[in-house]
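# Chains, contacts and geometry: an overview
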Amino acid sequence: MSESTVKFGPVTFITGTKGGRYPYCHSLYIEEAGVIIDPASSLEQLQAIARSGQAQSVWLSHWHEDHIMYLNLFESLPIWMHEADVAPLTDLETFIDWYFYPGVEYEGLRETWRPMLLDLFNYKPRQISRFLKDGEVIDLGSVTVEVLHCPGHSPGSLSFYFREPGVLFLGDTDLTPFGPWYGDLYSDIDEIYRTVDRLRNIPARIWLTSHEQGVFESDPGPLWDEYLQVIQTREDKLLDFLTEPRTMAEIAGRWIVYGKPKQPVEMFAIIEEISMAKHLERLLKKEIVISDGERYRLK
Ligand SMILES: [Zn+2]
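Residues numbered from 1 in each chain as written. Predicted model: local features only at pLDDT ≥ 70, side-chain atom pairs only at ≥ 80, totals over all residues. Heavy atoms only, no water.

### Quick look at the overall build of the protein chain
Keep this limit in mind: Strands are runs of DSSP state E lasting at least 2 residues, helices are runs of H or I lasting at least 4, and numbering of each runs from the N terminus. We compute the radius of gyration over the C-alpha atoms and compare it with the globule rule, which gives 2.2 Å times the number of residues raised to the power 0.38. When accessible area is computed with a 1.4 Å probe and restricted to protein chains, residues below 20% of their type maximum are described as buried, those above 50% as exposed, and intermediate ones as partly exposed. In what follows, residue pairs with any heavy atoms lying within 4.5 Å of each other are defined as contacts.
A count of helices and strands for the protein chain gives nine helices and 16 strands. Since a compact globule built from 299 residues should have a radius of gyration of about 19 Å, the 19 Å found for the protein chain is in line with a globular shape. Once the C-alpha set of the protein chain is aligned to its principal axes, its extents read approximately 60 × 40 × 35 Å. Considering the protein chain as a whole, with its 299 residues, one finds that 56% of them fall into the buried category. Here the contacts in the protein chain between residues at least 6 apart in sequence split such that 60% fall between residues at least 24 apart.

If you want it as structure tokens, here you go:
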């Protein structure tokens, strides 16, 4: 897949390596204001921006590693993001903690994760200069941008609406066939529903996302529902499996989210488990599922 840029008025969309698939994402650049959003797309394009000396600040849609890979090119620039996602950016061990249950020892996994963050994702702790808040409107010259706090995928996930060109950046509400991702400790499925509902009602003309297709020049239409339907389909598969009592290990071993074991398997097994735990939380609350502390089953 070729790496390229597309301009929507003052907003430049930078296609990520591998079509913006993990571990990459797409970036945005608002040249006149020197704002780079999510510097983890194309090393070549981002190096050119860094060399130009035009960049003034880096904005992050959220804390995940596939949105910060080339943040190291912009070490002297201030970072703006939502306050709720700051902690992992400031400390490597906290970053790792946010993927795992508290109080459970995943020492082997920490050892897998730490060098990946350092070597592949160029992780360095950073201080955050400014917290972006929901509803803030920021003047970037010929374009004004509205900050939208869109929790669910992560607590501090942000979307940006560029008013004049009608460009809505959806971040990791990415409308991919894979569906919503809620595999870290602080993801929240109910918030994802609310976030999608909010975003689909914004009167945009262009929709940009962080991964895969990335650019939608006409209304994504049925994709909004199809995206949310993935959550329901996963939940239905889980409910089918719970006609017999099942342990958490058995549930995670079904690979309902990923479909099959994904490498590195020890890491994705945890993400699968946390995603299933998010479903179980909802189902226990609604009293559709009960648990004896060890096994889960339909009520
Ligand atoms: Zn993410």
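### Observations concerning the pairing of strand S1 (residues 5-8)
This is how it is decided: At least two bridges found by DSSP between two strands are what make those strands a pair.
Two elements, S1 and strand S2 (residues 11-14), share four bridges in a ladder whose sense is antiparallel. Bridged to Phe8 within S2 is Val11. Between S1 and S2, which follow one another and run antiparallel, lie two residues, and Gly9 among them has a positive phi close to 60°.

### Some thoughts on the sheet that holds strand S11 (residues 167-169)
One open sheet holds the six strands; their spatial order is S8-S9-S10-S11-S12-S13, and the pairing between them is mixed. Lying at the two open borders of the sheet, with one neighbouring strand each, are strand S8 (137-139) and strand S13 (215-216). Bridge count for strand S9 (residues 144-149) against strand S10 (residues 158-162) is five bridges, and the pairing is antiparallel. Bridged to Val145 within S10 is Phe162.

### Considering the pattern of salt bridges
We count it as follows: Criterion for a salt bridge: a side-chain nitrogen of Lys or Arg within 4 Å of a carboxyl oxygen of Asp or Glu.
Per the counting criterion, the structure on display carries 13 salt bridges. Across the pair Glu235 and Arg282 runs a salt bridge whose closest N-O atoms are separated by 3.3 Å. A residue pair is termed long-range when its members are at least 10 positions apart, and Glu235 in helix H7 (residues 222-241) and Arg282 in helix H9 (residues 265-285) qualify at 47 residues. Since its relative accessible area comes to 3%, Glu235 is described here as buried. Residue class for Arg282 comes out buried when judged on its relative accessible area of 8%. The structure contains a network of salt bridges with shared partners spanning Glu93, Asp97, Arg110, Glu111 and Arg114.

### Quick notes on the domain arrangement of the protein chain
Spelled out, the test is: Each domain's extent is set by a domain assignment, obtained either automatically or from a database. Take the accessible area each of two parts loses on contact, using a 1.4 Å probe, and add the two losses: that sum is the buried area. By the criterion applied in these results, polar contacts are pairs of N or O atoms within 3.5 Å in which, for protein atoms, one can donate a hydrogen and the other can accept it, and in which residues neighboring in sequence qualify only through two side-chain atoms. In this classification, Asp, Glu, Lys and Arg are treated as charged, Ala, Val, Leu, Ile, Met, Phe, Trp, Tyr, Cys and Pro as nonpolar, and every other residue, Gly included, as polar.
By the assigned domains, the protein chain splits into domain 1 (5-220) and domain 2 (233-298). On a C-alpha basis, the centroid separation for the pair domain 1 and domain 2 is 28 Å. Tallying the contact residues gives 21 residues for domain 1 and 15 residues for domain 2. Between domain 1 and domain 2, the buried area comes to about 1,600 Å², and carbon and sulfur atoms account for 63% of it. Area buried by domain 1 at its contact with domain 2 is led by Tyr101, Phe178 and Tyr182, which between them contribute 34% of it. Applying the counting criterion to the domain 1 and domain 2 interface returns one salt bridge. Summed over the shared surface of domain 1 and domain 2, the result is nine residue pairs in polar contact (both at pLDDT 80 or more). For the side of domain 1 that touches domain 2, the secondary-structure elements that each account for two or more residues are helix H5 (107-120) and helix H6 (189-200). Residues belonging to the side of domain 1 that touches domain 2 are distributed by class as follows: 15 nonpolar, four polar and two charged.

### Overview of the coordination of the zinc ion
Note on metal geometry: ideal angles are 109.5 degrees for four donors arranged tetrahedrally and 90 or 180 degrees for six donors arranged octahedrally. As a reminder of what qualifies: Metal sites are built from N, O and S donor atoms within 2.8 Å, or 3.2 Å for Na, K and Ca, and they leave out water, so they may look incomplete.
Looking at the metal site, the zinc ion is ligated by His62 (NE2), His64 (ND1), His153 (NE2) and Asp172 (OD), spaced 2.1 to 2.2 Å from it. Read from N- to C-terminus, the donor residues coordinating the zinc ion fall into the pattern H-x1-H-x88-H-x18-D. One end of the pair, His153, is in the loop between S9 and S10; the other, Asp172, is in the loop between S11 and H6, with 19 residues separating them in the sequence. On the accessibility criterion, His153 (11% relative accessible area) is buried.

### Comments concerning the environment of Gly179
Looking at the element boundaries, Gly179 is found in the loop between S11 and H6. On the basis of relative accessible area, Gly179 is assigned to the buried category, the value being 4%. Residues Gly179 and Gly221, spaced 42 residues apart in sequence, show a C-alpha to C-alpha distance of 15 Å.

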